[in-house]
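What follows is each chain in one-letter form.
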Amino acid sequence: MRQHDRIFAALANPVRREVLRMLRDEGPQSVAVLAGRFDMARPSFSEHLRVLREAGLVSERKVGRQRLYRLEAVPLHEVQDWLSPFERFWRGKLAGLREVLDRMDDDPGADGPGTDGPSADDPGADPSGEACESSDLSEKSEKPEKREK
């Protein structure tokens, strides 16, 4: 398995992400302290630490009879490098959405943000004048109305 695959596999598990958060926020800790915060058998927790070690996300150091674990953040740069193009992609999409919404605010005739609400002939309006949820619309259009004779 390639190193970045090990990193992503390690980060996929919420227990391992929480261990990394604890080490980031609280500094190096012993196995006993870390394991004590999780409701699982010690061998299961040790397996999580092994995965983190193999991914290079934590290091282990013996101090007397204790094993201290420490966060190793350098491998996370590889994750950041991989995610960076996606972040740029979504920033571009959100900037485009912002432009569309800004244009809608500037156009008083546009049916969007800044309007006074649905008109009476709007199919999304109910008789009380409140807008219906989109799921309400789909239910109304899919189910024929029953009429009394």
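The shown structure was predicted, so the numbers you read here are calculated from the model rather than taken from an experiment.

Here is what the cut-offs are and how they apply
- Residues numbered from 1 in each chain as written.
- Predicted model: local features only at pLDDT ≥ 70, side-chain atom pairs only at ≥ 80, totals over all residues.
- Heavy atoms only, no water.
- Pairing = 2+ DSSP bridges.
- Helix = DSSP H or I, 4+ residues; strand = E, 2+ residues; numbered from the N terminus.
- Patch = residues over 30% accessible without salt bridge, like charges linked within 9 Å, V, L, I, M, F, W, Y side chains within 5 Å.
- Areas by Shrake-Rupley, 256 points an atom, 1.4 Å probe, with all protein chains shown as cover.
- Salt bridge = Lys/Arg side-chain N within 4 Å of Asp/Glu carboxyl O.
- Lys, Arg positive; Asp, Glu negative; His and termini not counted.
- Charge placed at Lys NZ, Arg CZ, Asp CG, Glu CD.
- Buried < 20%, exposed > 50% of the residue type's maximum accessible area, 1.4 Å probe, protein only.
- Contact = heavy atoms within 4.5 Å.
- Axes fitted to C-alpha atoms, helices over the stretch in contact; angles between N-to-C directions.
- Parallel < 35°, antiparallel > 145°, perpendicular 65-115°, else oblique.
- Nonpolar A, V, L, I, M, F, W, Y, C, P; charged D, E, K, R; others polar.

Here's the deal with the pairing of strand β3 (residues 66-71)
In the sheet, strand β1 (residues 29-30) pairs with β3 via two bridges, with the strands oriented antiparallel. In the sheet register, Ser 30 faces β3, and the bridge partner there is Leu 68. Judged from the six bridges that link them, strand β2 (residues 58-63) and β3 form a sheet pairing that is antiparallel. Bridge pairing in β3 links Val 63 to Gln 66.

Thoughts on a negative patch on the surface
Negative charge collects at one region of the surface, where Glu 99, Asp 102, Asp 105, Asp 106 and Asp 107 lie side by side. Checked against the element boundaries, Asp 107 lands in the loop between α5 (74-106) and α6 (134-142).

Quick word on the environment of Val 33
Along the chain, the position of Val 33 falls in helix α3 (residues 31-35). The exposure class of Val 33 is partly exposed, given its relative accessible area of 40%. Here the alpha-carbon distance between Val 33 and Leu 68, two residues 35 residues apart in the chain, equals 9.5 Å.

Some details on the pattern of salt bridges
For the structure on display, the rule yields nine salt bridges. Notably, a salt bridge pairs Glu 18 with Arg 21, separated by 2.6 Å at the nearest N-O pair. Of this pair, Glu 18 and Arg 21 both sit in helix α2 (residues 14-26), three residues apart, which is roughly one turn of the helix. On the basis of relative accessible area, Glu 18 is assigned to the partly exposed category, the value being 29%. Among the residues examined, Arg 21 registers a relative accessible area of 30% and is labelled partly exposed. Three or more residues are tied together by salt bridges with common partners; here these are Glu 18, Arg 21, Arg 24 and Asp 25.

Considering the sheet that holds β2
Overall, antiparallel pairing links the three strands, which are arranged β1-β3-β2 in an open sheet. Sheet topology places β1 and β2 at the edges, where each strand pairs with a single neighbour. On the sheet, helix α4 (residues 42-54) packs against β2 and β3 and is oriented at approximately 115° with respect to β2.

Description of the packing of α2 against α4
Relative orientation of the contacting elements α2 and α4 amounts to 70°, with a least axis distance of 10 Å. The orientation of α2 with respect to α4, classified from their angle, is roughly perpendicular. Residues Val 15, Arg 16, Val 19 and Leu 20 of α2 form the contact with α4, whose own contacting residues are Phe 45, His 48, Leu 49, Val 51 and Leu 52. Grouping the constituent residues of the contact of α2 with α4 by class yields seven nonpolar, one polar and one charged.

Note that every value here comes from positions in space, so none of it alone points to a role or purpose.
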